[in-house]
Amino acid sequence: MECINCGNCKVGNTTYFCFKENGFVVDVSKQKVVEKVRSGWKKGDPEYEKQRRRSRKEVEV
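Now for a description of the structure that goes with this document. (Residues numbered from 1 in each chain as written. Predicted model: local features only at pLDDT ≥ 70, side-chain atom pairs only at ≥ 80, totals over all residues. Heavy atoms only, no water.)

A word on the environment of Glu2
Rule in force here: Secondary structure elements follow DSSP: runs of H or I of four or more residues count as helices, runs of E of two or more count as strands, with numbering from the N terminus. Partly exposed residues are those whose accessible area sits between 20% and 50% of the maximum for their type, while under 20% is buried and over 50% is exposed, using a 1.4 Å probe and protein chains only.
Locating Glu2 in the fold gives a position in the segment before strand 1 (15–18). The class for Glu2 is exposed, based on a relative accessible area of 69%.

Listed below in structure tokens is the structure:
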């Protein structure tokens, strides 16, 4: 089957449905790289000690 010029591939999305291939296509060249951000309790945080004590108390019970 030839391309029917539906325009799905020209929209700019990373994932689109292609009628020619009869399935979804993932365009890796348009994907953005997102770095994982670690957030959570750190020892420098003033609430760290309170949270640590609360969690230890829950474990002991």
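Side note on the packing of aromatic side chains
Each aromatic ring pair is specified by the distance between its two centres and by the angle formed by the two planes. Selection rule: Two aromatic rings from Phe, Tyr or Trp, using only the six-membered ring of Trp, form a pair when their centres are within 6.5 Å; if the ring planes differ by under 30 degrees the pair is stacked, by over 60 it is edge-to-face, and anything between is tilted.
Under the counting rule described, the total for this entry stands at two aromatic pairs. Centre to centre, the rings of Phe17 and Phe19 are 5.1 Å apart; their planes meet at 75 degrees, and the pair counts as edge-to-face. Residue Phe19 is classed as partly exposed on the basis of its relative accessible area of 39%. Connected via pairs of aromatic rings, a cluster forms that spans Phe17, Phe19 and Phe24.

So, the environment of Phe17
Along the chain, the position of Phe17 falls in strand 1. Taking relative accessible area as the criterion, Phe17 reaches 26% and is therefore assigned partly exposed. Counting along the chain gives eleven residues from Phe17 to Cys6, while the straight-line C-alpha distance between them is 9.8 Å.

Comments concerning the state of the cysteines
The test is simple: Pairs of cysteine sulfur atoms within 2.5 Å are identified as disulfides in what follows.
Per the counting criterion, the structure on display carries zero disulfides. Take Cys6: it sits in no disulfide, and the sulfur closest to it among the cysteines is that of Cys9, at 6.2 Å. Its sulfur unpaired, Cys9 is 5.7 Å from the next cysteine sulfur, which belongs to Cys3.

Some remarks on unusual backbone geometry
Here the phi dihedral of Asn5 falls at roughly 55 degrees; this positive angle occurs in a residue that is not glycine. Of note in this structure, Asn22 is not a glycine but carries a positive phi near 55 degrees. Among the secondary structure elements, Asn22 is positioned in the loop between strand 1 and strand 2 (23–26).

What to know about a nonpolar patch on the surface
Put simply, the rule is: Patch building starts from residues that exceed 30% relative accessible area and form no salt bridge, then joins like charges within 9 Å and nonpolar side chains (Val, Leu, Ile, Met, Phe, Trp, Tyr) within 5 Å. Each accessible area value is a Shrake-Rupley result obtained with a 1.4 Å probe; residue values ignore everything except the protein chains displayed when judging cover. Just to be clear on terms, a salt bridge is a Lys or Arg side-chain nitrogen sitting within 4 Å of an Asp or Glu carboxyl oxygen.
A contiguous nonpolar surface patch, about 350 Å² in accessible area, is contributed by Met1, Ile4 and Phe19. Looking at the secondary structure, you find Ile4 in the segment before strand 1. A residue is classified by how much of its surface remains accessible, and Ile4, at 49% relative accessible area, is partly exposed.

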